[in-house]
Amino acid sequence: MMSEITVHVDGTPRRLTVDTRTTLLDALRERLGVTSPKKGCDHGQCGACTVLCGDRRVLSCLVLAVTQDGARVVTAEGLAARGQHDGERHGGERHDGGQRADDGLHPVQRAFIDCDAFQCGYCTPGQVVSAVGMLDEFALGWPSAVTEGTRPPRLDHAEVAERMSGNLCRCAAYVNIVPAVQRAAAASGTAAPGAEVAG
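Residues numbered from 1 in each chain as written. Predicted model: local features only at pLDDT ≥ 70, side-chain atom pairs only at ≥ 80, totals over all residues. Heavy atoms only, no water.

**What to know about the overall build of the chain**
In terms of helices and strands, the chain carries six helices and seven strands. Going from N to C terminus, the chain has its helices and strands arranged as β-β-α-β-β-β-α-β-β-α-α-α-α. When each of the 199 residues of the chain is scored for burial, the buried share is 49%. Pairs at least 24 apart in sequence give 57% of the contacts found in the chain among residues at least 6 apart. For the chain, the computed accessible surface area is about 9,700 Å², with 51% contributed by carbon and sulfur atoms. (Helix = DSSP H or I, 4+ residues; strand = E, 2+ residues; numbered from the N terminus. Buried < 20%, exposed > 50% of the residue type's maximum accessible area, 1.4 Å probe, protein only. Contact = heavy atoms within 4.5 Å. Areas by Shrake-Rupley, 256 points an atom, 1.4 Å probe, with all protein chains shown as cover.)

**Thoughts on the side chain of E137**
Its location among the elements puts E137 in helix 4 (residues 124–139). On the basis of relative accessible area, E137 is assigned to the buried category, the value being 13%.

**A look at the environment of G104**
With respect to the element layout, G104 can be found in the loop between strand 7 (99–100) and helix 3 (107–114). On the accessibility criterion, G104 (16% relative accessible area) is buried. As a C-alpha pair, G104 and A80 span 24 residues in sequence and 5.8 Å in three-dimensional space.

**Some words on the pairing of strand 3 (residues 50–53)**
A two-sided burial pattern is seen for strand 3, the buried positions comprising T50 and L52 on one face and V51 and C53 on the other. With four bridges connecting them, strand 3 and strand 4 (residues 56–59) associate as antiparallel partners. Considered in strand 4, the bridge of C53 is made with R56. Turn length for the strand 3-strand 4 hairpin, with the two strands adjacent in sequence and antiparallel, is two residues, and the turn residue G54 shows positive phi of about 60°. Of the strand pairs in this sheet, strand 3 and strand 5 (residues 72–74) are connected by two bridges, and their pairing is antiparallel. Residue L52 lies in a different strand from strand 5, and its bridge partner there is V74. (Pairing = 2+ DSSP bridges.)

**Some words on the side chain of Q127**
Position of Q127 among the secondary structure elements: in helix 4. Non-local contacts of Q127, meaning those with residues more than four positions away in its chain, are made with F112, M164, N167, L168, C169 and I177.

**As for the packing of helix 4 against helix 6 (residues 174–188)**
Helix packing geometry: the angle between the two helix axes and the distance between the axes. In contact at an axis separation of 11 Å, helix 4 and helix 6 are set at 45° when each is read in the N-to-C sense. As the angle between them shows, helix 4 and helix 6 are arranged oblique. You can see that helix 4 and helix 6 cross each other, and the crossing is right-handed. Where helix 4 approaches helix 6, its residues Q127, A131, M134 and L135 are matched on the opposing element by I177, V181, A184 and A185. The class makeup of the residues in the contact of helix 4 with helix 6 is seven nonpolar, one polar and no charged. (Axes fitted to C-alpha atoms, helices over the stretch in contact; angles between N-to-C directions. Parallel < 35°, antiparallel > 145°, perpendicular 65-115°, else oblique. Left-handed = near helix turned anticlockwise from the far one by under 90°. Nonpolar A, V, L, I, M, F, W, Y, C, P; charged D, E, K, R; others polar.)

**Some thoughts on the sheet that holds strand 1 (residues 2–9)**
Ordered in space as 2-1-5-3-4, the five strands form an open sheet in which the pairing is mixed. Every interior strand has two partners, whereas the edge strands, strand 2 (12–19) and strand 4, have only one. In this sheet, neighbouring strand axes are inclined to one another by 40° on average, regardless of whether the strands run parallel or antiparallel. Here helix 4 sits on the sheet and contacts strand 3, strand 4 and strand 5; the angle it forms with strand 3, its principal contact strand, is near 40°.

Below, the structure written as structure tokens:
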């Protein structure tokens, strides 16, 4: 059965007709040519296909495209524009280690580059998108499985590792991914007000 849908991908409305069994990942990659979400396991276990739908991180290989009619989907390609809008909301200043980021990248993208938080790069788009969603969740005060109490006092190694545990890196670049997420939190002001970010 075919269905006509409109999905707003990285700020651009895209209309297409899809088989109702088509996943959002396949619609993005095969039908719309948006290839930053990667097909890794295709079973929701690796996180390489992570995108933001309505500012929530989702595994696009597990989501049917027809359920996203009218939705706003952000991939790693669209994060730079989101980073610019976030900067405008914070007075037009986007910071990275005390310096203005003029390269047009989202603070998380910049932190991954600065911390060398990738090797082969296949999982990186999903890692970056997941980190953006995770930092938003942290800022909203959502606890994780390792959070003590109702609000995490620190975005320490254990918090970041737990919150990013759905994204696998087969190259084992975790030693740099965790500091990159912590650096992005400090650089973008994403951490909850009063929260201490481990550095």
